[in-house]
Amino acid sequence: MSDVLIKLEKVKKIFYTEEVETHALSNITFTINKGEYISISGPSGCGKSTLLSLLGLLDTSTEGKYTLAGHEVSNISKKERARIRNEEIGFIFQSFNLISDLDVEENVELPLTYRSNLDKNQRKEMVKKALEKVDMAHRGKHFPSQLSGGQQQRVAVARAIAGNPSILLADEPTGNLDTKNAEAVMDLLDKLHAEGATICMVTHDPRSASRAERRIDVLDGLVVADKKMNIAEKVVAMETSNEAKAVEAEGALS
Amino acid sequence: MMVLSDLKYAIRLLSKSPGFTILTTIVMAAGIGLSIYLFSFFNTMVFKEMPFEDGDSLVQLSSSQNGVRNAGPINLHDYQEIRTNLKGLSEFGAYSVSNLNVSGRDGARRYSAVAAEPNIFQLTRTKPILGREFTKAENQAGAERVVVIGYDMWQNQFGGDPKIIDQTLRISGISHRIIGVMPAGYVFPTNTELWTPLREDATQLTRGNSGDVIGLAHIQDGVSMEELNRQLALVMQRIEQKYPKTNNGIGAYISTIPLAGDADTVAVIYSVHIIAILILILASVNVGNLLLSRAVERGKETAIRVALGAPRSRLISQMLWESIIICTVGGIVGLLVLAWGLEATQAITKTFFVDKPPFWWQFGIDAFTIKLFFIFVVGTILITGLLPAWKNSGADFNAVLRDGTRGALSKKSGRLNRFLIISQIFVSLTVLIAATVMMVGNFKATRADYGAKTENILTAAVLLTESKYDTPEKQAQFAKALQSRLENTVGIGDVMIASALPGSYTSTPALALEGREYTEDKGYPRANYIVVTPGSLAKLGVELKKGRYFNTSDEGLGKGSVIVTDSFVARHFPNESPIGKRIRTVELDGDQPNWLTIVGVVEHTIQGASYEESGKAPSVFRPFAQSPRTQMTVAMEMKLDSDKVIRTLRKTLESIDPELPAFRVEAYAESFTRHTGPMLFITSVFLLFGIAAIVLATSGIYGVMSNTINQRTQEIGVKRALGAVEQRITKEFLMSGVKQLLWGGIPGLLAGCGMGFAMSSMLGVGNADLLLVSLSLVLIIGGTVLMATYLPTKRALQMEPSQALRHE
């Protein structure tokens, strides 16, 4: 049990508008162990991004219990949530979400500046390490607008890992990238996982999902499947993805 | 066709957001209306060409004293010297203003008149409709007395008699032959109703005996006013060196006729123009910002249009239509309100004058206003529309369509928003400081203590005919008789007679203090010089500080007593008692010094307007009987209603001399209103401007800041996702607000203080006032910036981070 990093028990999320009550997530229950690489898949609007928001404490559940690293975090203060996001969670977004006014080093340093226990030199050292890991150290003084999409996402990954979080949460990390850059980012996540990082990634791309070792399928706010991926399944997923892309490419050519 | 469909589309979009449309239209109406009003107002007052042929080249030659351009007349000898030496002017002419009593069938009436050189009408390229102009011969002393009359007088007094020429008119007790009638509406140069020949020849008179005149001339092509004034300064310097006694500190200047009286306030007028432009920019930036945020909201729609092949020029023109509609409709509304405002101004400004305002003060929508309207509307369309249209049409449409680059505010947008906020802060602070300094100055002017009680007092001017009252004894006797008869009449209480009451302008001769040395006759101090009958100062409520008021023992031409104001004492006898000290007037004495002994000290009285040099100058009072005048002001305490008192006054005057009319009959308080009226009016206008500026500035800053923070909601989401706590983000945003406040505020403070300082001395606003005004406004703008940062940030922080990340 000591390996459990995240535990969700009967978590619900309901969005209320003036007239409509939308059940985005219903009775979600699963655990994530330390060092796991999980993909959450499902069609658009199924609730996977909402689930990731709950996992990342970017939103609060309507009901249910959420335990992170042994501590219940369902009903903690905003300040405590912010601290946990900063120290325990690293986010990678589809649209990179780098701050355009800050250069690469400053972007990576940003979450570290929210910690009071780090001095400037320590922060610089951590930024340097993170950028080296993603092979972007040479672009430290560039601004996001001077980088390609793939490079921006690598910087975003560096920002996510700079503070040594317990888990990386990635929301469609390759959604805005071409195949080559997407592959590079996924390779980077593989590498981080190999080094011991816990990763939870939301994706609807089977090829990206195939990189994970466990796959949770969400449909209409419910977990419909939660299984470990064996090699054969991974190959099938990758081939399916390749075929789909080939058909897509042919269609485009004709 | 395309244009029509774009126009229809813009109308449809605007009608879908009526709140936005109404708000922006009102903002533009206020901006355009207010700014054109100020331009039009001052153009009519001081910049408009004279309404005559060659009116653009007609200039006035006036005197200045110690550098202060007070539109005063110049000595006839100086005028002749200038005429001989100044190059670049042609058709010199001169006139002196005089009030004349004209006797008719229904008694005597006072008319506004000028004694002028023969070319007075030629200068304005106007000929009499009947008869002729003066001849040179008629301009000589001893020539037959002739007069040219105005159209209104011809109509009213002579029933438009076509045989008016050669008829006789009795003016100030002397018969004049009418030789001409001027056209209807012709009142040049000063609402004139009668023109007589000047009859003064400098060659026949000594400097001391010659009168003063206002010079007129046409400026020659290619000659600048600056060049003429440089020449003139040299000429006047030479004259001063030659005649230091009479010309100490006396200068002259050339200006257009309307600007002659406002030559020194031109800095204030230009400052007002700058304020007007800044208010227009403020309004435009506000509307531009609102349009920009709409353009940002419609980014996706624009991207779709680009994807469908719309050229950029088409997109820009489509987006410009909204600005065109808002600015044009706003402008038209502003113009309509402006027309009403100018009409009201015409009515209000009439009350500033006893007689009539200057003849060129015709406020209304004229060619200049229309021209300005078009310029301002086009300018505001460009400011409000071009930026949002250009920015939105140049966005990365592919990225927008992909919805992939939503995230932190782009660097360019961030810069543009910062620029907008900084410019808003700069413009707001500049406008507000300048407008508030004006308001404070004007407010102070309306609150000034003139040193006399004004309640229930009726004043009237009386002008003695020089032919009949040709000796000081006769003049003194008349004043004494008038005062005593009025005081013994039922319905009239105290009666005061003076050459000028507090609040009125008077002469400021040079004075010499006994025992003081004045090297080469230079450095003589000047003071307002007023003659009063004994008891008048006490009855007027001018408080005695030391010594005594005048009494009957001071009466007599050979006597020399004087009362000075405490401001005179503070300036000249700061550490000693002035009682018993002697002073003398330099110019009035001639070669025989006539020492005057100070017998009393009274409180400072303001002569003229409080904010003018004359109002700040100390005063000296002489007994009327020691220095009698032909023109005097009678002040009467009313014990009955004013109509009865006026009738009593006229009857009393008639009983003494049937040829003497009372004119400028009004309540004493009214004459103060004439000084404070223009100031109150300008204060009201500036109050309106101040309110508009505050509303535009605070709402503008709030709008831009709020829009900027709204656009940065995702950035807030990102930062919170990365672990930033709310206080940290709030602090960060507030710091960025403070930074922008400093970037815009420091230059704004400097510019505002610069303008304020330029105006402060003119308006009587001290440095402490300026500092207080600046600090208060910095606090208001600073508070607005902080609130405008804090509230939207707080709103963004109320969202869950996940919501903020998805915010568009």
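Because the structure is predicted, anything quoted here is derived from the model rather than measured. (Residues numbered from 1 in each chain as written. Chains lettered and ligands numbered in written order. Predicted model: local features only at pLDDT ≥ 70, side-chain atom pairs only at ≥ 80, totals over all residues.)

Engineer: What is the right way to look at the overall build of chain B in this model?
Structural biologist: Helices and strands together make up the secondary structure of chain B, namely 24 helices and 23 strands. Taking all 808 residues of chain B together, the buried fraction comes to 47%. Sequence-distant contacts in chain B: of pairs separated by 6 or more residues, those separated by 24 or more amount to 83%. (Helix = DSSP H or I, 4+ residues; strand = E, 2+ residues; numbered from the N terminus. Buried ≥ 20, exposed ≤ 12 C-beta atoms within 10 Å, placed from the backbone. Contact = placed C-beta atoms within 7 Å.)

Engineer: Can you walk me through the overall build of chain A in this structure?
Structural biologist: Across its full length, chain A holds eight helices and 10 strands. Out of the 254 residues in chain A, the part that is buried amounts to 46%. Intrachain contacts of chain A at a sequence separation of at least 6 include 69% that bridge at least 24 residues.

Engineer: Which parts of the structure should I look at to understand the sheet that holds strand S6 (residues 89–92) of chain A?
Structural biologist: Pairing between sheet strands relies on hydrogen bonds along the backbone, with the strands arranged either parallel or antiparallel. Residues and elements named next belong to chain A. One open sheet holds the six strands; their spatial order is S6-S7-S8-S3-S9-S10, and the pairing between them is mixed. The open sheet has two free edges, formed respectively by S6 and strand S10 (222–228), since each of these has just one partner strand. Going across the sheet, the axis of each strand differs from the next one's by a mean of 15 degrees, ignoring polarity. Both strand S9 (residues 214–219) and S10 contribute to a ladder of six bridges, which runs antiparallel. (Pairing = 2+ DSSP bridges. Axes fitted to C-alpha atoms, helices over the stretch in contact; angles between N-to-C directions.)

Engineer: Hey, could you run me through helix H1 (residues 48–55) of chain A in this one?
Structural biologist: Owing to its 3.6 residues per turn, the α-helix aligns residues three or four sequence positions apart on the same side. Of all eight residues in H1 of chain A, eight are buried, a share of seventy percent or more. Residues of H1 of chain A that are buried include every one of Lys48, Ser49, Thr50, Leu51, Leu52, Ser53, Leu54 and Leu55 of chain A, and no others.

Engineer: Is there a simple way to explain the interface of chain A and chain B in this structure?
Structural biologist: By a widely used convention, the size of an interface equals the accessible area lost when the partners come together. Contact residues are listed per partner, giving 26 residues for chain A and 23 residues for chain B. Sorting the residues of the side of chain A that touches chain B by element identifies helix H2 (78–88) and helix H3 (104–113) of chain A as the ones contributing at least two each. Ranked by residue count, the leading element in the side of chain A that touches chain B is H2 of chain A, at seven residues. Counted by class, the side of chain A that touches chain B contains 10 nonpolar, nine polar and seven charged residues. (Nonpolar A, V, L, I, M, F, W, Y, C, P; charged D, E, K, R; others polar.)

Engineer: It is not clear to me how the sheet that holds strand S2 (residues 21–33) of chain A should be interpreted in this structure. Could you clarify?
Structural biologist: Taken in spatial order, the four strands line up as S2-S1-S4-S5 (chain A) in an open sheet, and their pairing is antiparallel. Two strands close off the open sheet at either side, each with one partner strand: S2 and strand S5 (71–72) of chain A.

Engineer: How should the environment of Arg109 of chain B be read in this particular structure?
Structural biologist: Residues and elements named next belong to chain B. Relative to the helices and strands, Arg109 is located in strand S5 (residues 107–116). Each C-alpha atom, one on Arg109 and one on Phe663, is 7.8 Å from the other, the two residues being 554 residues apart in sequence. Once you skip the residues sitting within four places of it in the chain, Arg109 turns out to touch Val102, Gly104 and Pro661.

Engineer: What's the story with helix H5 (residues 149–161) of chain A in this structure? I'm lost.
Structural biologist: All names here are of chain A. If you check H5, its first and last C-alpha atoms are 18 Å apart, about what 13 residues at 1.5 Å a residue would give, namely 18 Å. Of all 13 residues in H5, 12 are buried, a share of seventy percent or more. The set of residues buried in H5 consists of Gly150, Gln151, Gln152, Gln153, Arg154, Val155, Ala156, Val157, Ala158, Arg159, Ala160 and Ile161. Where H5 is buried, its residues contact S6, H3, helix H4 (120–133), strand S7 (167–171) and helix H6 (179–194). (Expected span 1.5 Å × (residues − 1).)

Engineer: It is not clear to me how the environment of Ile36 of chain B should be interpreted in this structure. Could you clarify?
Structural biologist: Residues and elements named next belong to chain B. Position of Ile36 relative to the elements: it lies in helix H2 (residues 18–47). Ile36 sits in the buried class, given 28 other C-beta atoms within 10 Å. Those residues in contact with Ile36, other than ones at most four positions away along the chain, are Gly334, Leu338, Thr369, Leu372, Phe373 and Phe376.

Engineer: Could you clarify how one ought to interpret the packing of H2 of chain B against helix H10 (residues 312–350) of chain B in this entry?
Structural biologist: When two helices pack together, their arrangement is given by the angle between their axes and by how far apart the axes lie. Residues and elements named next belong to chain B. Here H2 crosses H10 at 40 degrees, and the two axes come no closer than 7 Å. Comparing their axes, H10 and H2 come out oblique. The interaxial crossing formed by H2 with H10 has right-handed handedness. Residues of the contact of H2 with H10, tallied by class, amount to 15 nonpolar, nine polar and no charged. (Parallel < 35°, antiparallel > 145°, perpendicular 65-115°, else oblique. Left-handed = near helix turned anticlockwise from the far one by under 90°.)

Engineer: Can you help me understand the pairing of strand S21 (residues 619–623) of chain B in this one?
Structural biologist: One face of the sheet, then the other: side chains in a regular strand alternate in exactly this way. All names here are of chain B. Burial runs high along S21: five of the five residues are buried. Neither face of S21 is exposed, since Ser619, Phe621 and Pro623 on one face and Val620 and Arg622 on the opposite face are all buried. Bridge count between strand S16 (residues 528–532) and S21: five bridges; the pairing is parallel. Residue pairing across strands places Tyr529 opposite Val620, the latter belonging to S21. When strand S18 (residues 561–565) meets S21, the two strands line up antiparallel, connected through two bridges. Residue pairing across strands places Ile563 opposite Phe621, the latter belonging to S21.

Engineer: Help me out: how do you make sense of the pairing of S18 of chain B in this one?
Structural biologist: All names here are of chain B. Across the five residues that make up S18, a large majority, five, are buried. Burial along S18 is two-sided: the face carrying Ser561, Ile563 and Thr565 and the face carrying Val562 and Val564 are both buried. With five bridges joining them, S18 and strand S20 (residues 596–602) adopt parallel strand pairing. Across the sheet, Thr565 pairs through a bridge with Val602, a residue of S20.

Engineer: Teacher, can you tell me more about unusual backbone geometry here?
Structural biologist: Trans peptide bonds make up most of the peptide bonds, and negative phi angles are found at most residues other than glycine. All names here are of chain B. With an omega dihedral of 5 degrees, the bond running from Phe188 to Pro189 counts as a cis peptide bond. Mapped onto the fold, Pro189 is located in the loop between strand S9 (174–181) and strand S10 (194–197). Look at Asp54: it is not a glycine, yet its phi comes out positive at around 60 degrees. Its place among the elements puts Asp54 in the loop between H2 and strand S1 (58–65). A tally of 14 C-beta atoms within 10 Å means that Asp54 is categorised as partly exposed. Despite not being glycine, Asn191 shows a phi value in the positive range, around 50 degrees. Looking at the element boundaries, Asn191 is found in the loop between S9 and S10.

Engineer: I tried to follow the nonpolar core on my own but got confused; where do I start?
Structural biologist: The tendency in soluble globular proteins is for nonpolar side chains to be buried as a group. Residue and element names in this part refer to chain B. Of all hydrophobic cores here, the largest spans 291 residues; its most connected members are Ile279 and Leu282. Ranked by residue count, the leading element in this core is helix H13 (residues 411–446), at 17 residues. Apart from residues no more than four positions distant in its own chain, Leu282 is found in contact with Val427, Ser428, Val431, Ala693, Leu696, Ala697 and Gly700. (Core = buried A, V, L, I, M, F, W, Y, C linked by C-beta atoms within 7 Å.)

Engineer: It is not clear to me how the confidence of the model for chain B should be interpreted in this structure. Could you clarify?
Structural biologist: Parts of the prediction with low pLDDT should not have their coordinates interpreted in detail. Residues and elements named next belong to chain B. Averaged over all residues, the pLDDT of chain B equals 84, while 93% of them reach at least 70. Averaged over each element, pLDDT in chain B is lowest for helix H12 (residues 397–402) (53) and highest for S20 (95). In this model, residues 402–409 is a region of pLDDT below 50 whose contacts with residues beyond four sequence positions or in other chains number 24 contacts. (pLDDT = per-residue confidence, 0-100.)

Engineer: Teacher, can you tell me more about the packing of H5 of chain A against H6 of chain A here?
Structural biologist: All names here are of chain A. At a minimum axis distance of 9 Å, the contact between H5 and H6 shows a crossing angle of 20 degrees. One way to sum up the angle between H5 and H6 is to call them roughly parallel. The handedness of the crossing between H5 and H6 comes out as right-handed. Across the interface between the two elements, Gly149, Gly150, Gln153, Arg154, Val157 and Ile161 of H5 pack against Asn181, Ala184, Val185, Leu188 and Leu192 of H6. Of the residues that constitute the contact of H5 with H6, the class distribution is six nonpolar, four polar and one charged.

Engineer: Can you walk me through the environment of Ala184 of chain B in this structure?
Structural biologist: Residues and elements named next belong to chain B. Looking at where Ala184 falls in the secondary structure, it is placed in the loop between S9 and S10. A tally of 12 C-beta atoms within 10 Å means that Ala184 is categorised as exposed. In this structure, the C-alpha to C-alpha distance between Ala184 and Gly150, residues 34 residues apart in sequence, is 7.4 Å.

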